[in-house]
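Listed below, chain by chain, are the residues.
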Amino acid sequence: MGVLVQLFLSYLKIGFFGFGGGYAMLSLIHSEVVVRNGWLTSGEFSDIVAISQMTPGPIAINSATYIGYEVAGIAGSVVATVAVCLPALTIMMLLTRFFLRLKDNIYVRGVVQGMRPVVVGMIASAALLLIFPHSDEGRSFIDGWSWAIFALTLFGSWRKVNPILLIVVSGVAGVLIYGL
Amino acid sequence: MRLLFDIFWSFLKIGAFTFGGGYAMIPLIQHEVITLRRWLGEGEFVELLTLAQAAPGPISLNTAVFVGYKMRRYSGALAAVMGVVIPSFVIILIVAMFFADIRNNVWVDAAFRGMRPAVVALIVAPIVGLARGMNAWLMAVAVAVALVVWYFAISPVWFLLVGAVGGVLWAAYQCKKC
């Protein structure tokens, strides 16, 4: 029961502070799931991001369902998924009702603009946390091949190659490099 | 009832086919909500995107709430959210149930060793584009947030709050001049 409450609170927080979309939410999810509660290692966290890229749906919901199941079975996945949706549901309904009046309010724009550099910093911190994790367990970068895959994927992404394709190709590269 | 089901069904489709998340799904939403169903006009759609980005949470979820609420208030919002969440919930639940069994397979492990650095690259890629529009001060804030959140493992929530308050103060200061 305690773990369900903890899951609910963690994902409520992730839903409530999940500004800036998928990648910005990663550092928040990492902070709750890896750092605070120790539900996953840094490497397992990275695996979920990979799975999330290959399956439909936003990373916030995917990670909620996955981690909820890992921590407390089907009940856990339902609790975490509902929790992550609740803030967006309530806040968007309020905004839809009142935003038309607030839209040109300079303070509202101030809030949005003030959070923008923080959101960019959060995306960068998610990358730093995976490149230089605090514990050695499940590292994302293990040798020169890792950096080669990183550089090629980065280049591919800048050239607008489909991210799902990039993930799949990297997986095949992994099988060829480490599996044979 | 018919409309509720249509809302649910439309967002089920959006939920099932939005790979990669975020902006990749905007054309699909546009097609479903404007072209096919005529639930929104083009102008309302722009309004919706502004809102969906200003509010916390995934864009697909925020879009679902906006459209559902506009059409049928609370029951509409709920139908749309369930539609958008159910595909990813079911697929991830199935993955989670079987992933533990195959995770230690040599081939699967090798594949994930290859995918981990690729994931990091996909996270790094958009940073350059996002940073381009920022001046030196904003850039310094972004770099400081990145380093502190990473090095001290502090929750980024605090920085969002500070950013929001800073933005309001800056707006007030600007307005005093205007």
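As the structure is a computational prediction, the values presented were derived from the model and not from experiment.

Let's talk about the overall build of chain A
Here's step 1: The secondary structure content of chain A amounts to seven helices and zero strands.
Here's step 2: Each helix (α) and strand (β) of chain A, taken in turn from the N terminus, gives the series α-α-α-α-α-α-α.
Here's step 3: C-alpha atoms of chain A, sized along the principal axes, occupy 60 × 45 × 30 Å.
Here's step 4: Within chain A, the fraction of its 180 residues that count as buried is 55%.
Here's step 5: Restricting to contacts in chain A with at least 6 residues of sequence separation, those with at least 24 account for 62%.

Description of the overall build of chain B
Here's step 1: Within chain B, the secondary structure is distributed over seven helices and zero strands.
Here's step 2: Mapped in sequence order, the helices and strands of chain B form the string α-α-α-α-α-α-α.
Here's step 3: Along the first, second and third principal axes, the C-alpha set of chain B runs to 55 × 55 × 25 Å.
Here's step 4: Looking at chain B as a whole, 40% of its 178 residues are labelled buried.
Here's step 5: For chain B, contacts bridging at least 24 residues in sequence account for 47% of all contacts bridging at least 6.

What about the nonpolar core?
Side chains of a nonpolar character, in soluble globular proteins, are inclined to be buried together.
Here's step 1: Core analysis: the largest hydrophobic core is formed by 106 residues, its most contacted members being Val84, Ile123 and Ala126 of chain A together with Val65, Ala80, Val81 and Ile123 of chain B.
Here's step 2: A per-element tally of this core places helix 4 (residues 59-102) of chain A first, with 18 residues.
Here's step 3: Residue contacts for Val65 of chain B: discarding those within four places in its chain leaves Ala88, Leu89, Met92 and Met93 of chain A together with Ala77, Ala80 and Val81 of chain B.

Some details on the interface of chain A and chain B
Here's step 1: Each partner contributes to the interface: chain A provides 91 residues, whereas chain B provides 79 residues.
Here's step 2: Counting residues per element, the side of chain A that touches chain B draws most heavily on helix 5 (residues 106-131) of chain A, which supplies 23 residues.
Here's step 3: Taken together, the residues of the side of chain A that touches chain B break down into 58 nonpolar, 30 polar and three charged.

Overview of the packing of helix 6 (residues 144-158) of chain A against helix 7 (residues 163-179) of chain A
Residue and element names in this part refer to chain A.
Here's step 1: For the pair helix 6 and helix 7, the least separation of the axes is 10 Å and the interaxial angle reads 160°. Taken together, the axis directions place helix 6 and helix 7 in an arrangement best described as roughly antiparallel. Note that helix 6 runs across helix 7; the crossing there is right-handed. Taken together, the residues of helix 7 that come into contact with helix 6 (itself represented by Trp145, Ile149, Thr153, Gly156 and Ser157) are Pro163, Leu166, Ser170, Ala173 and Ile177.
Here's step 2: For the contact of helix 6 with helix 7, the per-class residue count stands at six nonpolar, four polar and no charged.

Describing the domain arrangement of chain A
Residue and element names in this part refer to chain A.
Here's step 1: Domain boundaries in chain A define domain 1 (2-140) and domain 2 (141-180).
Here's step 2: Each of domain 1 and domain 2 has a C-alpha centre, and the two are 25 Å apart.
Here's step 3: Contacts between domain 1 and domain 2 engage six residues on the former and five residues on the latter.
Here's step 4: Grouping the amino acids of the side of domain 1 that touches domain 2 by side-chain chemistry returns three nonpolar, two polar and one charged.

Thoughts on unusual backbone geometry
As a rule of thumb, non-glycine residues mostly have phi less than zero, and peptide bonds are mostly trans rather than cis.
Residues and elements named next belong to chain B.
Here's step 1: One non-glycine residue with positive phi stands out, namely Arg38, at about 55°.
Here's step 2: By the secondary structure assignment, Arg38 is in the loop between helix 2 (26-36) and helix 3 (42-54).
Here's step 3: Even without being glycine, Arg73 reaches a positive phi, approximately 50°.
Here's step 4: Relative to the elements of secondary structure, Arg73 occurs in helix 4 (residues 59-102).

Quick notes on the environment of Arg139 of chain A
All names here are of chain A.
Here's step 1: In this structure, Arg139 sits in the loop between helix 5 and helix 6.
Here's step 2: Arg139 gets classed as partly exposed once you count the C-beta atoms within 10 Å, which come to 19.
Here's step 3: The spatial distance from the C-alpha of Arg139 to the C-alpha of Ser42 is 6.7 Å, given a sequence separation of 97 residues.
Here's step 4: Ignoring sequence-local partners within four residues, the contact set of Arg139 consists of Gly43 and Pro133.

Calculation notes
- Once a new chain begins, its residue numbering starts again from 1 and follows that chain's sequence as written.
- Throughout, the order in which chains and ligands are written sets their labels, letters from A for the former and numbers from 1 for the latter.
- Per-residue local features are limited, in this predicted model, to residues with pLDDT of at least 70; the limit for side-chain atom pairs, both in listing and counting, is 80 or more; totals at the level of whole chains, interfaces and linings are taken over all residues.
- Numbering goes from the N terminus for both helices and strands, where a helix is a DSSP run of H or I of at least four residues and a strand is a run of E of at least two.
- Remark: C-beta atoms are placed from the backbone, and a residue is labelled buried if 20 or more other C-beta atoms sit within 10 Å of its own, exposed if 12 or fewer do, or partly exposed between those counts.
- C-beta atoms are first placed from the backbone for all residues, and any pair lying within 7 Å is then listed as a contact.
- Joined through C-beta atoms within 7 Å, a set of buried Ala, Val, Leu, Ile, Met, Phe, Trp, Tyr and Cys residues constitutes a nonpolar core.
- Three categories are distinguished: nonpolar for Ala, Val, Leu, Ile, Met, Phe, Trp, Tyr, Cys and Pro, charged for Asp, Glu, Lys and Arg, and polar for the others, with Gly belonging to the last.
- Orientation is described by lines fitted to C-alpha atoms, with helices fitted over the stretch in contact, and by angles between N-to-C directions that extend from 0 to 180 degrees.
- Orientation labels follow simple angle bins: below 35 degrees gives roughly parallel, above 145 gives roughly antiparallel, 65 to 115 gives roughly perpendicular, and whatever is left gives oblique.
- By the definition used in this description, the sense in which the near helix is turned from the far one sets the handedness, with an anticlockwise turn below a right angle giving left-handed and a clockwise turn giving right-handed.
- For each domain, the first and last residues come from an automatic or database assignment.

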